[in-house]
Amino acid sequence: MNTIALDPAEHHVKRLPGDLAIWFFILAEMVAFAVFFSSYAFARAKNVEMFNLYQQTLDRNLGALNTLLLITGSWFVVLAVQAAHRDDQKSISRNILFGFLCGGGFLTVKVIEYAAKFGAGISLSTNTFYMFYISLTFFHFMHVILGMVILAVLWKQSRDGAYGAHNAHGLESGAAYWHMVDLLWIVLFPLVYVMR
Amino acid sequence: MINTLKNPANRAWIVLMIATGITWYLGEIGAAGTAAIVAMLLIAFVKGRLVILDFMELRAAPLMWRVLLEGWLILVSSLILIAYWISLK
């Protein structure tokens, strides 16, 4: 371990952004999703033809568009954290807002996708593939909503001048959660929409 | 332009957008089977790693946290790969 650099202001000190607690929370969420992802993959192994058939009914374009939205939303929130580190107040709240709007775009696209599926009479009990598709994407959908609630709080606090070069902890914690939502979708999209 | 690319988050964003396009394209051409699955898992791994290192900013974090998150990515990819390999038998 590095015992030379004791000054926390020095850049080369190993440092975990945000609060330690949020990282344990993120890890717990990721373990839950790892179980869901592998359950999907192993359930598919028993039912390859059915999964391949119904996967073709999913809208890959909307899935890819949502990937782009979450990646861009994540990127804006990184820019917000970077702005906090250089005390650029206006840029912090503006970038959080852009990140929030990307989340809103994701939810809108997802609702359009769900409307088409539910409109076609598809439900959790239609078959195993749709059971996984609906529950996995809906569980993730809830995480996007929670991420957006966090971003809304961060936006309000950044407007009140809560974050800056010496106080970015809360912002970094919320940002880490938002990036997790992105990370999970990066695995979910190819797995459920594309891989066959 | 050069300054923009000095920011690792900006570079990561560009790669993530392009990689998403490649996965989408593989879907469009109906890529299937072992090679396609391995390619898509590799792309997801590279993307996930960029999010972990450049968005979550774990590149400069204590090694344990990098190992935990990157390890998650390797674990999930491996489990998916095993399940798909079983399905191909």
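Note that this is a predicted model, so its numbers are computed, not measured. (Residues numbered from 1 in each chain as written. Chains lettered and ligands numbered in written order. Predicted model: local features only at pLDDT ≥ 70, side-chain atom pairs only at ≥ 80, totals over all residues. Heavy atoms only, no water.)

### Comments concerning the overall build of chain A
Stated formally: Put simply, DSSP H or I for four residues or longer makes a helix, DSSP E for two residues or longer makes a strand, and each gets a number counted from the N terminus. Whether two residues touch is decided by their heavy atoms; if any such pair falls within 4.5 Å, the residues are in contact. In short, Shrake-Rupley with a 1.4 Å probe defines the accessible areas, and a residue's cover is counted only from the protein chains shown. Note on charges: Lys and Arg go in the positive column, Asp and Glu in the negative column, and His and the chain ends are not counted at all. Taken as the charge centre is NZ of Lys, CZ of Arg, CG of Asp or CD of Glu, depending on the residue.
Scanning chain A for helices and strands turns up six helices and zero strands. Helices and strands in chain A line up, N terminus first, as α-α-α-α-α-α. With the principal axes as the frame, chain A shows a C-alpha extent of 60 × 40 × 20 Å. Residue pairs at least 24 apart in sequence account for 80% of intrachain contacts in chain A once pairs closer than 6 positions are excluded. When the accessible surface of chain A is totalled, it reaches about 8700 Å², and 66% of it is carbon and sulfur. Here chain A carries 13 positive and 12 negative side-chain charges, and the mean point of each set is 9 Å from the other.

### Observations concerning the overall build of chain B
What counts is decided by this rule: We take the radius of gyration over the C-alpha atoms and set the globule estimate at 2.2 Å times the residue count to the 0.38 power. Exposure categories follow from relative accessible area, calculated using a 1.4 Å probe and restricted to protein chains: below 20% of the type maximum is buried, above 50% is exposed, and the middle band is partly exposed.
Along the backbone of chain B there are four helices and zero strands. Each helix (α) and strand (β) of chain B, taken in turn from the N terminus, gives the series α-α-α-α. A globule of 89 residues ought to have a C-alpha radius of gyration of about 12 Å, yet chain B, at 15 Å, is considerably larger. For the C-alpha atoms alone, the extent of chain B along its principal axes is close to 50 × 35 × 10 Å. Taken over 89 residues, chain B has a buried fraction of 45%.

### Describing the interface of chain A and chain B
The test is simple: Buried area is calculated as the accessible area (1.4 Å probe) missing from two parts once they are joined, with the contributions of both summed. Whenever a carboxyl oxygen of Asp or Glu lies within 4 Å of a side-chain nitrogen of Lys or Arg, that contact is scored as a salt bridge. In the scheme used here, Gly and all other residues not listed as nonpolar or charged are polar, with Ala, Val, Leu, Ile, Met, Phe, Trp, Tyr, Cys and Pro taken as nonpolar and Asp, Glu, Lys and Arg as charged.
Listed per partner, the contact involves 48 residues of chain A and 43 residues of chain B. Buried surface at the junction of chain A and chain B, summed over both partners, amounts to about 4100 Å²; 76% is from carbon and sulfur atoms. Counting across the chain A and chain B interface gives one salt bridge. Of the charged contacts, one joins B:E28 and A:R60 as a salt bridge, the two residues approaching to 3.0 Å between their closest N and O atoms. The residue makeup of the side of chain A that touches chain B, split by class, is 34 nonpolar, eight polar and six charged.

### Looking at the pattern of salt bridges
Here the structure, examined in full by the defined rule, presents eight salt bridges over all chains. A salt bridge links A:E172 to A:R15; the shortest N-O distance between them is 2.6 Å. Here A:R15 lies in the segment before α1 (20-46) and A:E172 lies in helix α6 (residues 169-194), a separation of 157 residues in the sequence. Taking relative accessible area as the criterion, A:E172 reaches 3% and is therefore assigned buried. Given a relative accessible area of 35%, A:R15 falls into the partly exposed group. Residue B:E70 is joined to B:R66 by a salt bridge in which the shortest nitrogen-to-oxygen separation is 3.1 Å. Here B:E70 and its partner B:R66 are both found in helix α4 (residues 63-88), four residues apart, which amounts to about one turn of the helix. Judged by relative accessible area, B:E70 falls into the buried class, the value being 12%. Here the salt bridges share partners, and the residues they tie into one network are B:R49, B:R66 and B:E70.

### As for the confidence of the model for chain A
How we decide: Confidence of the predictor at the level of single residues is given by pLDDT, which spans 0 to 100.
Summing up the model confidence of chain A, the mean pLDDT is 94 and the portion of residues at 70 or higher is 94%. The low-confidence segment residues 1-10 of chain A, where pLDDT is below 50, has five contacts with residues more than four positions distant or belonging to other chains.

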